[in-house]
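Here are the chains, one letter per residue:
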Amino acid sequence: MLKVISIINNKGGVGKTTTSINLAAGLAQTQRVLLVDMDSQASASLALGIERAKLRPSIAHVLYGEVPIRRAILQTHIPRLHLITGSLDLADADLCLAEHSGRESVLRRTIEEVMDEYDVILMDCPPSTSLLSVNILVAADAFIIPLSPSYLALEGLVSLGEVVTQVRMNLGRVAPVLGVIMTMVDPNNDSHAEIEQQVRGHYGSKVFQTMIRKDDTLSDSPGLGQTIFEFAPESQGAQDYNALVGEVTERSQRYAAVFAQLNGASRAQTSGDGAPAPVSAPAP
């Protein structure tokens, strides 16, 4: 499988944190998972029942070189699911990261220290365009884009695409899209159905077949520090996220296999001066 997956969208309120915590919990049923809360609001950490007083040390203190990464890792109440919290200290991330050499890759170098200890590392990302966002894109092996059925959310998707293109042009590498996941969908709402049809028509196979339907239990469970699988295991939301876990696992394995083939071909085609042949990222 691809190991590092970011959950990202420049628009807030599209279900990034809900997707991050429930996808992490679903994957943790069979795998070792590390969830990294990259948001200064620490919503993912709080939704998993971490008290505000225990948010430090957070990923911010690791990135700033104040604590080693292993000291910041918490065992959640869910077996096989570990967490590095977010905190308000991330508000200074751009200023602090700007002082580093290779500033776009600080996060990648940081998580590489524990990469071999997990099967999957998920990152819950802030709704912003910043140096921290660039670090997240560079650190990831792939990223998932939650998208609610609203036209403003579509604008956020377009904006993210522009950021990804710019990062790829400037740095030569950025993670591919693992998939777009439609969230908060009311199947009986004609407007939602129209937007879903537009998204699937434009992005094709990049859109997961699973969609997360609107379900009040998904918004109620974080208040109790529980995932949907604990709070309402028979609910529509639990069924949808369980289906997403299966799709993410299958697609991640398929991507990893394609990348392995491409990297092998690239090494075989290396020119005489040692420069690797260019390799294109696979489509979902």
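1. So, the pairing of strand E1 (residues 4-7)
Part 1: Burial along E1 is two-sided: the residues Val4 and Ser6 and Ile5 and Ile7 are all buried.
Part 2: Across four bridges, the pairing between E1 and strand E5 (residues 120-124) is parallel. When the bridges of E5 are listed, Ile7 appears paired with Asp124.
Part 3: Bridge count for E1 against strand E6 (residues 142-147) is three bridges, and the pairing is parallel. By the bridge assignment, Ile5 is partnered in E6 with Ala142.

2. Description of the environment of Arg52
Part 1: Mapped onto the elements, Arg52 comes out in the loop between helix H2 (43-47) and helix H3 (59-63).
Part 2: Classification of Arg52 as exposed rests on a relative accessible area of 61%.
Part 3: Along the chain, Arg52 and Ala42 lie ten residues apart, while their C-alpha atoms are 8.8 Å from each other.

3. Notes on the sheet that holds E6
Part 1: Here eight strands make up an open sheet; going across it, the order is E3-E4-E2-E5-E1-E6-E7-E8 and the pairing mixed. Looking at which strands have only one partner, the edges of the open sheet turn out to be strand E3 (73-75) and strand E8 (207-213). For this sheet the average axis-to-axis angle between neighbouring strands, irrespective of direction, equals 25 degrees.
Part 2: Contacts between helix H1 (residues 16-27) and the sheet are confined to E1, strand E2 (33-37), strand E4 (81-84), E5, E6 and strand E7 (177-185), with E5 contributing the most and set at about 165 degrees to the helix.

4. Examining the side chain of His61
Part 1: Within the secondary structure layout, His61 lies in helix H3.
Part 2: On the basis of relative accessibility, which here comes to 4%, the residue His61 falls in the buried class.
Part 3: A polar contact of 2.9 Å, which involves the side chain of His61, links it to the backbone nitrogen of Ser58.

5. Notes on the confidence of the model for the chain
Part 1: This prediction gives the chain a mean pLDDT of 87; 89% of its residues lie at or above 70.
Part 2: In this model, residues 270-284 is a region of pLDDT below 50 whose contacts with residues beyond four sequence positions or in other chains number 22 contacts.

6. Digging into helix H7 (residues 131-139)
Part 1: Across the nine residues of H7, nine count as buried, placing the element largely inside the fold.
Part 2: Regarding H7, the residues found buried are Leu131, Leu132, Ser133, Val134, Asn135, Ile136, Leu137, Val138 and Ala139.

Conventions adopted
- Residues numbered from 1 in each chain as written.
- Predicted model: local features only at pLDDT ≥ 70, side-chain atom pairs only at ≥ 80, totals over all residues.
- Heavy atoms only, no water.
- Buried < 20%, exposed > 50% of the residue type's maximum accessible area, 1.4 Å probe, protein only.
- Helix = DSSP H or I, 4+ residues; strand = E, 2+ residues; numbered from the N terminus.
- Pairing = 2+ DSSP bridges.
- Axes fitted to C-alpha atoms, helices over the stretch in contact; angles between N-to-C directions.
- Contact = heavy atoms within 4.5 Å.
- Polar contact = N/O pair within 3.5 Å; in protein donor to acceptor, adjacent residues only side chain to side chain.
- pLDDT = per-residue confidence, 0-100.

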